[in-house]
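# Reading the structure
Read off the chains here:
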Amino acid sequence: MITAPAWRGSYLGVHEGPQRIAKLPNAVALRAGMIVSNEPGYYKEGAYGIRIENLQCVTEPSMIVGGERAMHGFETLTLAPLDRRLIVAGMLSAEERSQLDAYHARTAAAIGPLVPEEIRHWLNGACASL
């Protein structure tokens, strides 16, 4: 779970550094509590682009299956349903489908109690298992 120091920053912009995950050289190593953005996207040249941008908190290092040493992980901070019109469920592996369903279940559980009933009904539908 995230602790208070993870929220520190000077301007609290989404791309606030000095840490980053990018092709460019990174002079600052990731540490637990830092926040980075995960931005998978598809861009059709001259037409449009689609990007999902979630903030993630760097977690403490832990061992992973098949790993040789403890590695940092990421905890997703952004909780909003992903638009099903952008998902081709048949193209997902069982693991990808499970990850998406778990994300939506977490989203509904965290946000549901905070919204009015009529919005909660929509949220539950948007977050239903694929």
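Everything below is about the structure shown above.
Rules behind the numbers
Residues numbered from 1 in each chain as written. Predicted model: local features only at pLDDT ≥ 70, side-chain atom pairs only at ≥ 80, totals over all residues. Heavy atoms only, no water. Helix = DSSP H or I, 4+ residues; strand = E, 2+ residues; numbered from the N terminus. Buried < 20%, exposed > 50% of the residue type's maximum accessible area, 1.4 Å probe, protein only. Contact = heavy atoms within 4.5 Å. Areas by Shrake-Rupley, 256 points an atom, 1.4 Å probe, with all protein chains shown as cover. Polar contact = N/O pair within 3.5 Å; in protein donor to acceptor, adjacent residues only side chain to side chain. Salt bridge = Lys/Arg side-chain N within 4 Å of Asp/Glu carboxyl O.

## Topic: the overall build of the protein chain
Tallying secondary structure elements over the protein chain gives two helices and five strands in all. For the protein chain, the sequential pattern of α-helices and β-strands runs β-β-β-β-β-α-α. Among the 130 residues that make up the protein chain, the fraction classed as buried is 19%. For the protein chain, the proportion of contacts with a sequence separation of at least 24, taken over those separated by at least 6, is 39%. When the accessible surface of the protein chain is summed, it comes to about 9700 Å², and 59% of that surface belongs to carbon and sulfur atoms.

## Observations concerning the side chain of Q56
Considering the arrangement of structural elements, one finds Q56 in strand β4 (residues 54-58). Engagement of the side chain of Q56 in a polar contact is seen with the side chain of T76, the distance being 3.5 Å. Leaving out residues up to four positions away in the same chain, Q56 has contacts with M34, I35, V36, N38, F74, E75, T76 and L77.

## A look at the pattern of salt bridges
Scanning the model with the defined rule gives five salt bridges in all. We note a salt bridge from D83 to R85, for which the minimum N-O separation is 2.5 Å. Judged by relative accessible area, which is 30%, D83 ranks as partly exposed. Judged by its relative accessible area of 74%, R85 falls in the exposed class. When salt bridges that share partners are traced, they join E39, R51 and E53 into one network.

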